[in-house]
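Letter by letter, the chains look like this.
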Amino acid sequence: MKSHVWRPLFVVLGLVAGILLFRAYYVPGTFGSGEYGFMYSYHNKENLEYWKNQPVRYRDTGKQKMHEYCGECHAEEVEVRTEDMHGIIACENCHGPALKHPDEPHMLFVDRGRDVCLRCHTQLPYTTSERKRIPGIDSNEHNPGLACVDCHNPHNPRLEDM
Amino acid sequence: MKRRDFMKSTIIAIAGASVPLSALEFIDPKEVLAANPEIHWAFLINTYTCVGCGFCVKACKTENDVPFEANVSRTWVERYVYTKDDRRYIDSPQAALYGFTESKIDLGARLGFKEIDPDNVGKAFFVPKLCNHCAAPSCTQVCPVGATYKTDDGVVLVDRSWCIGCGYCIMACPFGARYFHPVHHVADKCTFCYHRITKGLETACVNACPFGARKMCNIRDINDPITKIILNDRVGVLKDEFGTKPQAFYIGLASEVR
Amino acid sequence: MVEQVMTVHGELWTVKELFVLPNEYVYWSIQIVMYPFMTGLVAGAFVLSSLYHVFGVKQLKEIARFSLVFSFALLPVAMMPLLLHLAQPFRGFHVLMTPHFTSAISAFGIVFMAYACIVASELWFEYRKHFVLTTQGLAARSARSGFDTLRMHFFKILTLGAMDISEEAVAKDHKAVKKLAMLGIPVACFLHGYAGFIFGSVKANALWMTPLMPVIFICSAVVSGIALCIVCYVVTMEIRKFMAKRKISRWAADKTAPTVTELNSAQQQEIGIVSNYLLYFMIAALTLEILDLIFRGYTQVKSWDILREVIMERDFTKIFIMQYAIGNALPFLMMVLPGRTVRRTTIAACLVIFGVFMMRWNVVIGGQAFSLSFAGFMHYHLPILPTTWETFREGLAGALTVMATPFVIFWFLNKIFPAFLEERKIEKA
């Protein structure tokens, strides 16, 4: 069947072959479907490592495990802190993420700003939420300009002990 | 995830785990996870205990390198305020990165802030949100190049080296969990802190929450106390009408929470 | 609280109102309006040319060639808005590398390539004789300039070595054109129908999600394609008439060149028949669009409250005035009222193109005018001045570039595939 009619087809076939060749070279062999099938989990399986290898910045494990990481060195502190009302707050929420601490950053940056305290202690009239149990202030009225930690001890916030 | 499926996997898990059950407690969580392929991560959010402090958002942005000044976030907290004359106000200023330090409601650039008379406030509550890591995620379904996917342990991730940035997944997500990363210029989303949970740690947001409003569990492990809550209590999910089968379960949802 | 130093993609042109989720922005902006608009023109132009080749609508002979070349000129432009829109444009070819077929977009690479191959092959068969004649004509010249030699070789490559222009061979060409045109119609419809599917299948978007979307898109695509062909055809004919009157270029030397009266009558005839087809497709498109609207209003599902506010209030002018009244009703009347002239049809066609553009706008931007929370709205502000790459590619300048490109390409293509070849052959005979 020798006819010029097929010539464009040969060009197209050549093009397709070219693309397939390039594809074989370019696409990593680790592409495939996972447990959730082609529809939901078609991907490059190597990418999992990328996400697994992200740095862990926050090392503390919160109240649930009694500030495990921080307690390794600051055992005494942690023991005292977990007793009081602010013991439910993870150390790193105010002291900053402990990544590479104590090796590289010997001191962590401690957030002593008013805004940290105001996250919970802004007066909001929401009686149906947990907010009702937290003492709140109006930031514009309550000693504006001063840092909370000037008067209050964040580790022992009991007003009787002030 | 259907209740029946839970039961089925539950029975299998009991049969399989009954012998070494006591031994498991002393094993490093890492090894448990490695030895147990039956992992499916799920999230539990209690809207009753959330106070909107936003420590979770801060922790998430820090842990996962999402710039603070970028107005997108992998997780966020919404505030719902209903007045006694039945008006509803919702906001989430800067995704609640700095919490809710104003009683005024943020109504957007056009309308500014609105002060609500404290005596007029009826019910008000906070709802933390994040990617639901759906069992049938519409976002991974629509990715044209296979750059976003569901891992075998049930987490939805994005391949930053392969994403073309078409935004189809962002459009397909009914929950607004995705956005373009301002630095990497690819789709970005909550990873359930994959680097942490695979090492036996909790996610950054769970870790940072002082009130236990956020919890995480392996929903295939029926001995996990959080799994027990999901299985035994009345929990809901967001927007189930889309059929994506969200894996973030909520205690105390209201119909206005969408 | 913190100084805004990092703008997120979408933030530049989105203004939020009431409660909008933190990550929500108008992510699909002007280029995604341009994309279905341009593919629509491609598909429409091709369907018009196929009317002649497949269904043998003889009166369309002249415009058929024209629209085929024009459809080829539009092809790369259908891809352009997508590439400009991508956050990672250099990875665009991943769509061909690892196509994830459960995504409507993944088909783009393959369908688009297939369609491009069909149109290119059809053009090749249509113009093979012309290539051969040009090559032979240039080869026969005793003294050739360097440019002409280059041209000769270029045309020689274009012939793909098929130099046979016997009547038999040319008849085969014609047969192939017909077959390709037949194959091309479903592929063109698929190319555009799936553009509708891209939107219609987004279940998260209350406005987009309807199975009617692909059909609506095809109909409006054909409408816009035909309308654009009318406008372009009239414009080129006017230029030719002007040149014929002033005896410029061909008309200066060539006595057999068509006269103004001949051109006029040809134009009259072509436009008359084409505008009828335009009317049929307009009726189909409009019916479906209105049906969709009525259905939403009648069923009143959860999303209707917010959709109603967007459609009936916030976007009322854009939808009912600009799209339906100016873009549909007015041109429809202009074309059905008795005493239709070429000029009136041309103005009507321009309005139709505008109407279809507004329809794309109202679907794409309108679909993002409300929050997923159903409790807030987003306003889109098209970036006008291209101060940065971002405001260029996702702004007015980028859209205008996309719009102007097909005409530039057409100008070049016209040198290779002269769109008005038919008449020249008559001259030679």
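Residues numbered from 1 in each chain as written. Chains lettered and ligands numbered in written order. Predicted model: local features only at pLDDT ≥ 70, side-chain atom pairs only at ≥ 80, totals over all residues.

Focus on the overall build of chain B
1) Next: Check the secondary structure of chain B and you find 10 helices and 12 strands.
2) Next: With 258 residues in all, chain B has 56% of them scored as buried. (Helix = DSSP H or I, 4+ residues; strand = E, 2+ residues; numbered from the N terminus. Buried ≥ 20, exposed ≤ 12 C-beta atoms within 10 Å, placed from the backbone.)

A closer look at the overall build of chain A
1) Next: When helices and strands are tallied, chain A shows seven helices and two strands.
2) Next: When the helices and strands of chain A are listed from N to C terminus, the series reads α-β-α-β-α-α-α-α-α.
3) Next: Taking 2.2 N^0.38 as the reference for a compact globule, 162 residues should give roughly 15 Å; the C-alpha atoms of chain A span a radius of gyration of 30 Å, well beyond that estimate.
4) Next: With respect to the principal axes defined by its C-alpha atoms, chain A has extents near 100 × 40 × 30 Å. (Rg over C-alpha atoms; globule rule 2.2 N^0.38 Å.)

Some points on the interface of chain C and chain A
1) Next: Contacts between the two partners involve 14 residues from chain C, matched on the other side by 15 residues from chain A.
2) Next: Contributions of two or more residues to the side of chain C that touches chain A are made by helix H3 (94-97), helix H4 (106-140) and helix H6 (167-200) of chain C. (Contact = placed C-beta atoms within 7 Å.)

Focus: the nonpolar core
1) Next: Counting residues in hydrophobic clusters, the biggest one holds 219 residues, and the most contacted among them are Met38, Leu74, Val223, Ile226, Cys229 and Val352 of chain C.
2) Next: If we ignore the near neighbours within four places in the chain, the residues touching Val352 of chain C are Val223, Ala227, Leu278, Met282, Gly327 and Pro331 of chain C.
3) Next: Listed in part, the five residues of the second largest apolar core include Cys94, Val116, Leu118 and Cys148 of chain A. (Core = buried A, V, L, I, M, F, W, Y, C linked by C-beta atoms within 7 Å.)

Digging into helix H7 (residues 114-121) of chain A
1) Next: Burial within H7 of chain A is extensive, with six of its eight residues counted as buried.
2) Next: Buried within H7 of chain A are the following residues: Val116, Cys117, Leu118, Arg119, Cys120 and His121 of chain A.
3) Next: Contacts made by the buried residues of H7 of chain A are with helix H6 (91-95) of chain A together with helix H4 (55-63) of chain B.

Re the sheet that holds strand E2 (residues 75-83) of chain B
All names here are of chain B.
1) Next: Sheet architecture is open: three strands sit in the order E3-E2-E6, paired in antiparallel fashion. At either margin of the open sheet sits one strand with a lone partner, and together these are strand E3 (88-91) and strand E6 (121-130). Looking at each pair of strands side by side, their axes are set apart by 15 degrees on average, direction ignored.
2) Next: Alignment of E2 against E3, held across four bridges, turns out to be antiparallel. (Pairing = 2+ DSSP bridges. Axes fitted to C-alpha atoms, helices over the stretch in contact; angles between N-to-C directions.)

Considering unusual backbone geometry
1) Next: In this structure, the amide linkage connecting His101 of chain A to the following residue, Pro102 of chain A, adopts the cis form with an omega of 15 degrees.
2) Next: Among the secondary structure elements, Pro102 of chain A is positioned in the loop between H6 and H7.
3) Next: A positive phi angle is found at His133 of chain B, which is not glycine, with a value near 45 degrees.
4) Next: By the secondary structure assignment, His133 of chain B is in the loop between E6 and helix H6 (138-142).
5) Next: One non-glycine residue, His185 of chain B, lies in the positive phi region at around 55 degrees.

Re the domain arrangement of chain B
1) Next: Segmenting chain B into domains produces domain 1 (1-18 + 25-130 + 203-251) and domain 2 (138-188).
2) Next: Listed by partner, the interface residues are 12 residues for domain 1 of chain B and 10 residues for domain 2 of chain B. (Domains from an automatic or database assignment.)

Quick look at the environment of Cys134 of chain B
Residue and element names in this part refer to chain B.
1) Next: Note on placement: Cys134 falls in the loop between E6 and H6.
2) Next: With 85 residues separating them in the primary sequence, Cys134 and Ile219 have C-alpha atoms 13 Å apart.
3) Next: Contacts of Cys134, omitting those with residues within four sequence positions, involve Thr244, Lys245, Pro246 and Gln247.

So, the domain arrangement of chain A
1) Next: Domain assignment breaks chain A into domain 1 (4-31 + 44-52), domain 2 (55-110) and domain 3 (112-162).
2) Next: Here the C-alpha centre of domain 3 of chain A lies 61 Å away from the C-alpha centre of domain 1 of chain A.

Examining the interface of chain B and chain C
Much of the literature gives interface size as the accessible area that the parts lose upon coming together.
1) Next: With 48 residues of chain B in contact, the opposing surface of chain C contributes 43 residues.
2) Next: Of the residues in the side of chain B that touches chain C, the class split is 31 nonpolar, 12 polar and five charged. (Nonpolar A, V, L, I, M, F, W, Y, C, P; charged D, E, K, R; others polar.)

Brief notes about the environment of Ser303 of chain C
Residue and element names in this part refer to chain C.
1) Next: Take Ser303: it is sitting in the loop between helix H9 (260-299) and helix H10 (304-314).
2) Next: The spacing of Ser303 and Gly193 is 110 residues in sequence and 25 Å in space, taken between C-alpha atoms.
3) Next: Residues in contact with Ser303, not counting those within four places in the same chain, are Ala206 and Phe374.

Some thoughts on the packing of H4 of chain C against H6 of chain C
Residue and element names in this part refer to chain C.
1) Next: The interhelical angle for the contact between H4 and H6, taken along N-to-C directions, is 155 degrees, at an axis separation of 9 Å. By the angle between their directions, the pair H4 and H6 is classed as roughly antiparallel. For the element pair H4 and H6, the recorded crossing hand is left-handed.
2) Next: A per-class count over the contact of H4 with H6 returns 19 nonpolar, two polar and five charged. (Parallel < 35°, antiparallel > 145°, perpendicular 65-115°, else oblique. Left-handed = near helix turned anticlockwise from the far one by under 90°.)

Remarks on the sheet that holds strand E1 (residues 41-46) of chain B
Residue and element names in this part refer to chain B.
1) Next: Spatially, E11-E1-E12 is the arrangement adopted by the three strands of the open sheet, whose pairing is mixed. Of all strands in the sheet, those with a lone pairing partner are strand E11 (214-218) and strand E12 (248-251), marking the two edges. The average undirected angle you get between the axes of adjacent strands in this sheet is 25 degrees.
2) Next: Note: E1 against E11, five bridges, orientation antiparallel. Residue pairing for E11: Ile45 is matched across the bridge by Arg214.

Let's talk about the environment of Ala96 of chain B
All names here are of chain B.
1) Next: As for its placement among the helices and strands, Ala96 is situated in the loop between E3 and strand E4 (105-106).
2) Next: Using a count of 28 C-beta atoms within 10 Å as the deciding quantity, one classes Ala96 as buried.
3) Next: Between the alpha carbons of Ala96 and Phe55 there is a distance of 8.7 Å; along the sequence they are 41 residues apart.

A look at the packing of helix H2 (residues 61-85) of chain C against H4 of chain C
Relative placement of two packed helices is described by the angle separating their axes and the distance separating the axes.
All names here are of chain C.
1) Next: Between H2 and H4, whose axes approach to 10 Å, the crossing angle comes to 150 degrees. As summarised for this structure, H2 and H4 are arranged roughly antiparallel, according to the angle between their axes. Crossing handedness for the pair H2 and H4: left-handed. From H2, Arg65, Leu68, Ser71, Phe72, Leu75 and Met79 reach across to H4, where they touch Phe112, Ala116, Val119, Ala120, Glu122, Leu123 and Glu126.
2) Next: For the contact of H2 with H4, a count of residues per class yields nine nonpolar, one polar and three charged.

Description of the confidence of the model for chain B
All names here are of chain B.
1) Next: For chain B, mean pLDDT is 87; residues scoring 70 or higher make up 86% of the total.
2) Next: When the criterion is pLDDT under 50, residues 15-27 qualifies, and its contacts beyond four places in sequence or with other chains add up to two contacts.
3) Next: The ipTM for the predicted assembly is 0.89, set against a pTM of 0.87. (pLDDT = per-residue confidence, 0-100.)

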